[in-house]
Amino acid sequence: MHRTNKKRSYLETYLSLLILSALMLTGTGIFLMQFTYNPAVLYIETIGLPAERIPGTQKTSTGIPLFPTPKGLVSLSPPELFDSQNLSDKIDGKAELYLSAGFVRLQTQRFKSNDASNLWLEAFIYDMGTGQNAFSVFSTQRREGSESLNLTQYSYRTENALFLIHGHYYLEIIASEASEEALQPMELYSKAFIDTFQVETKSVSEENLFPKPDRVDNSISMISSDAFGFDRFDQVFTAVYKLGDAEVMAFLSHRKTTEEAEELAQAYQEFLIAFGGRHIEIDLPIAGAKMVDILDTYEVIFSKGHFIAGVREAQDRNHAQELAIRLYNKLEQNQY
Amino acid sequence: MQKMKDVFTRRQFLIRSAKAGASVVAAGAIGYWFYDSRAPGPSPDQKSSVLLSDFSIPELEKKMSIVRGQNRADTLETALKALGGMENFIKKGDRVLLKVNAAFASPPMLSATTHPQLVTVLTKLCYKVGAASVCVTDNPINDPVSCFGLTGIAEAADSAGARVILPKENLFKPTTLPDANLIKNWPVLYEPFKDINKVIGIAPVKDHHRSGASMVMKNWYGLLGGRRNIFHQDIHNIIKELATMVKPTLVVLDGTTSMMTNGPTGGSLSDLKQTNTMIVGTDQVAADAFGAGLLDKDISELPYIAKAEAKGVGTADYQSLNPIELSI
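As the structure is a prediction and not an experimental result, all values here were calculated from the model.

Novice: Help me out: how do you make sense of the confidence of the model for chain B in this one?
Specialist: Detailed reading of the predicted model is not advised wherever pLDDT is low. For chain B, per-residue confidence averages 92 on the pLDDT scale, and residues scoring 70 or more make up 94% of the total. The complex prediction reports pTM at 0.77, with the ipTM value standing at 0.75.

Written as structure tokens, this is what we have:
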């Protein structure tokens, strides 16, 4: 009797294992199959339709302007709203730039000056979620030779366009003509927007961490993701310096912990080595600083407190060292 | 005794587990039974997948001319003359389609779209050599009426006698390219191509945030319908497939003003550079390979060029075509 029970017990154990294995196999199968992406599912209902006719990619006309049309302008088109799903319906391949920087939504509208001229302008209001995200898209697209404006802390104009940050909004106003006459309606619109939306405006704190001497004006940028081709590098601030005739870039990025900054500095150095860089022995007064020679340029990488920082694309090794020391000292002054 | 009955025995547990497992397996099996890894077939009214015709002129060798100068009309006419004149490409009675880049509702001065002057000149030249009709089309990113209107293309076409074909829903047909990975049963702006026998692609030279550049081959993207933005995830391969899909008679790459930064939309004149070059030819790969230089890029930075070349669309070695280079 005891033997029979024992036999049965073994049988039941094997059966249990078999059932559990079958369940695991089924679960694994389902898990794997859900990765098999079939784009046809997306378009089967939309086949034959141009993009603007397809639900989800349709430009939503709210019919309600985000704020009243400023005096002196008349609307030429209804406002259009775009979200992350259909942003590329408005700006095509440039959508990635905004999406990777935390884009929330875009509202656009065309206006005309209410005088007799043929001048028209289009306003792009990007809600980027945070001021830092707005700074990212503002700074990475900043046009060379532009004229700074006093509309907000970060604002400038070119011959036919005006760009600014107001809180978490990034504004682009593009005019159909390049003229002084075009500036007036663009400023009119910007001021109306700023007056209507009382949002919290903050300076980008990293700006003060880059040493000022030799820094090229308006050269500070923020790269949201994949900075320098390294997929672990996000929220990286850069500034360009003019040392002699050469331009050299400094960079820094705040991390959550000191350990993370140290580890990322090491990982970035290894990334450069993996792509053909060569480690160079240096004696810098910066703990743990590393220099890499890559494609005949020099990079210095170090961490200081919560920051990973460094210098890149220096043609001259001395320039790389000099700027690295200045950046390190500045971080130290700021007690990082 | 009653208490004993309520006890859930190991045997009962296993039996119930086995039943539950069998149910899961059965559900999985049914799911697998219904799973179809192939794309759904076309609906009854879309059964016939179409393919664009070959609009190239086989008896003509691959040709290219590069003309430097500031005036688009002059450089374009000179470039065409260098290739034997428009009559070499368009014959009496031909029905011509101009595929422009009208992607954005932006003014011509921003060079984000085909310059209207080129539409005027090409239309007039086509009619001059006896074309029976000239049409202009594109499926823009923004709303088509605004795009054709604000870019000046509609007015240019109208004044020269060309008809603008807006991308209406019924003009799209599903297309499947042989050996394609992406263009499978995908809606393409087909109808404007149906009754024509010559195609001229006209594109500006632009930086492009995703593909590196937007020139002749990227311009065919404007023939796609549906949720084409999903192709941005594989941009170089979709451009390659588009280049194999369209075999144009002639291509015009306008490098008079090139968008060097912040493409493909640009927005500021400071994104532009006067590069004063007009490229006309029959090899779209060669034209783009030359255009890369105008953007200060090496062709290795634009992988779609090598991919299209490998597919036999054309040559990236544009010098091998012995291009005629002129300055005016």
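After that view of the structure, there is still more to cover.
Novice: Sorry if this is basic, but what is going on with empty space enclosed by the protein here?
Specialist: Once rolled over the atoms, a probe with the size of a water molecule shows which space is left empty. On inspection of all chains with the given rule, the structure shows 5 cavities of 30 Å³ or more. Counted as a void, the largest cavity has a volume near 210 Å³. In terms of lining residues, the largest cavity is bounded by 19 residues, among which Glu 122, Phe 124 and Ile 174 of chain A together with Ser 106 and Thr 265 of chain B are the most central. When residues of the lining of the largest cavity are assigned to their parent elements, the largest contribution, 4 residues, is made by strand β5 (residues 120–127) of chain A. Grouping the amino acids of the lining of the largest cavity by side-chain chemistry returns 10 nonpolar, 5 polar and 4 charged. Of the volumes computed, that of the second largest cavity is approximately 130 Å³. What lines the second largest cavity is a set of 17 residues, among which Asn 101, Ala 103, Ile 141, Lys 218 and Gly 222 of chain B lie closest to the centre. The residue inventory of the lining of the second largest cavity, partitioned by class, reads 6 nonpolar, 5 polar and 6 charged.

Novice: Help me understand unusual backbone geometry in this model?
Specialist: Where the residue is not glycine, phi is negative for most of them; where a peptide bond is considered, it is trans in most cases. Residue and element names in this part refer to chain B. Residue Pro 264 is reached from Gly 263 by a cis peptide bond, and omega for that bond is 10 degrees. For Pro 264, the position within the fold is in the loop between β9 (250–259) and β10 (272–281). For Asp 179, which is not glycine, the phi dihedral falls at a positive 65 degrees. For Asp 179, the position within the fold is in the loop between β5 (172–175) and β6 (186–189).

Novice: Help me understand the nonpolar core, please; the structure alone is not making it clear to me.
Specialist: The tendency in soluble globular proteins is for nonpolar side chains to be buried side by side. Of all hydrophobic cores here, the largest spans 58 residues; its most connected members are Leu 223, Ile 238 and Met 245 of chain B. At the level of secondary structure, the elements contributing two or more residues to this core comprise β1 (64–68), β6, β7 (198–208), α8 (216–219), α9 (235–245), β9, α10 (284–294) and α11 (303–310) of chain B. Of all the elements, α10 of chain B adds the most residues to this core, at 7 residues. Listed in part, the 55 residues of the second largest apolar core include Ala 95, Tyr 156, Met 222 and Tyr 241 of chain A.

Each value, and the rule that gives it
Residues numbered from 1 in each chain as written. Chains lettered and ligands numbered in written order. Predicted model: local features only at pLDDT ≥ 70, side-chain atom pairs only at ≥ 80, totals over all residues. Heavy atoms only, no water. pLDDT = per-residue confidence, 0-100. 1 Å grid on protein atoms, 1.4 Å probe; cavity = no way out; pocket = protein on both sides within 12 Å on 5 of 7 lines; lining within 4 Å. Points joined across faces, edges and corners; volume = space filled by probe spheres on them. Helix = DSSP H or I, 4+ residues; strand = E, 2+ residues; numbered from the N terminus. Nonpolar A, V, L, I, M, F, W, Y, C, P; charged D, E, K, R; others polar. Core = buried A, V, L, I, M, F, W, Y, C linked by side-chain atoms within 4.5 Å. Buried < 20%, exposed > 50% of the residue type's maximum accessible area, 1.4 Å probe, protein only.

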